[in-house]
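Okay, here's what each chain looks like letter by letter:
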Amino acid sequence: MFAVVSSENINTYHLPFNISYNSLSKPTQKQVDCLAQNIYHEAGRETREGQIAVALVTLNRLASGNYANDICGVVNQKTNGMCQFSWVCETTHKVKPIYQPLWAESELVAKKVMLENFRLPGMKEALYYHADYVSPGWKKPRIEQIGRHIFYGER
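Residues numbered from 1 in each chain as written. Predicted model: local features only at pLDDT ≥ 70, side-chain atom pairs only at ≥ 80, totals over all residues. Heavy atoms only, no water.

Chemist: Looking at this structure, I do not really get the packing of aromatic side chains. What am I missing?
Modeler: Each aromatic ring pair is specified by the distance between its two centres and by the angle formed by the two planes. Considering all chains together, one arrives at five aromatic pairs under this definition. Ring centres of F85 and Y129 lie 6.2 Å apart, and the angle between their planes is 35 degrees; on these two criteria the pair is classed as tilted. Of this pair, F85 sits in the loop between β2 (82–83) and α4 (86–89) while Y129 sits in strand β3 (residues 128–131), placing them 44 residues apart in sequence. Given the relative accessible area of 1%, F85 is considered buried. (Phe/Tyr/Trp six-rings, centres within 6.5 Å; stacked < 30°, edge-to-face > 60°. Helix = DSSP H or I, 4+ residues; strand = E, 2+ residues; numbered from the N terminus. Buried < 20%, exposed > 50% of the residue type's maximum accessible area, 1.4 Å probe, protein only.)

In structure tokens, the structure reads:
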């Protein structure tokens, strides 16, 4: 079972420094932005724990070597014409205004996970997830359900 993570206690799990987005190199900023976009569109209205779990799936895919070779590539990757993350192929995100409080939270989570190595116990093997109202028929080992997402690993 995961520890409960909230905006009130997330900083207790980190080193006592704050990384400024503006202090990052432009290429690193781009990677943070791609991760934040994925968090925002996939789990922006989920709990902090759910947002972190989505970010970890993205980074786990990168680390696996079976996907693209950077975060933006993983987020935007298509396999047989299908997007790995559904929002990438949808066009509604291009016309909807960004809700700034959720974007700021998504960016914070992206920085915590990417730059401060924040992890959730048990999510090291998570490579896939889907919403709890979808039934893709996967025969993959289930890891955990966090909020509206069910997470899976490989066999």
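Once the structure has been displayed, the description carries forward.
Chemist: Hey, could you run me through the environment of A43 in this one?
Modeler: Along the chain, A43 falls in helix α1 (residues 26–43). Separated by 59 residues in sequence, A43 and L102 have C-alpha atoms that sit 9.7 Å apart. When residues no more than four places from it in sequence are discounted, the contact partners of A43 are N38, G50, Q51, V54 and H149. (Contact = heavy atoms within 4.5 Å.)

Chemist: How should the confidence of the model for the protein chain be read in this particular structure?
Modeler: In regions of low pLDDT, the predicted coordinates are not meant to be interpreted in detail. With 86% of its residues at a pLDDT of at least 70, the protein chain reaches an overall mean of 87. In the predicted structure, residues 1–16 sits below a pLDDT of 50 and forms 27 contacts with residues beyond four places in sequence or in another chain. (pLDDT = per-residue confidence, 0-100.)

Chemist: Looking at this model, I keep getting lost on the side chain of Q51. Mind explaining?
Modeler: For Q51, the position within the fold is in helix α2 (residues 48–64). Its relative accessible area of 0% is what places Q51 among the buried residues. At a separation of 3.4 Å, a polar atom in the side chain of Q51 contacts the main-chain carbonyl oxygen of E46. Apart from the residues within four sequence positions on either side, Q51 is in contact with I39, A43, G44, E46, E105 and V109. (Polar contact = N/O pair within 3.5 Å; in protein donor to acceptor, adjacent residues only side chain to side chain.)

Chemist: In this structure, what is going on with the pattern of salt bridges? I would like to understand it.
Modeler: Where charged atoms from two side chains of opposite charge come close, those side chains can pair. Taken as a whole and assessed by the stated rule, the structure comprises three salt bridges. A salt bridge links E105 to R48; the shortest N-O distance between them is 3.5 Å. With E105 in helix α6 (residues 100–115) and R48 in helix α2, the pair connects residues that are 57 residues apart, well separated along the chain. A relative accessible area of 8% places R48 in the buried class. Across the pair K112 and E116 runs a salt bridge, and its minimum N-O distance is 3.7 Å. Judged by relative accessible area, which is 6%, K112 ranks as buried. Overall, the relative accessible area of 15% leaves E116 in the buried class. (Salt bridge = Lys/Arg side-chain N within 4 Å of Asp/Glu carboxyl O.)

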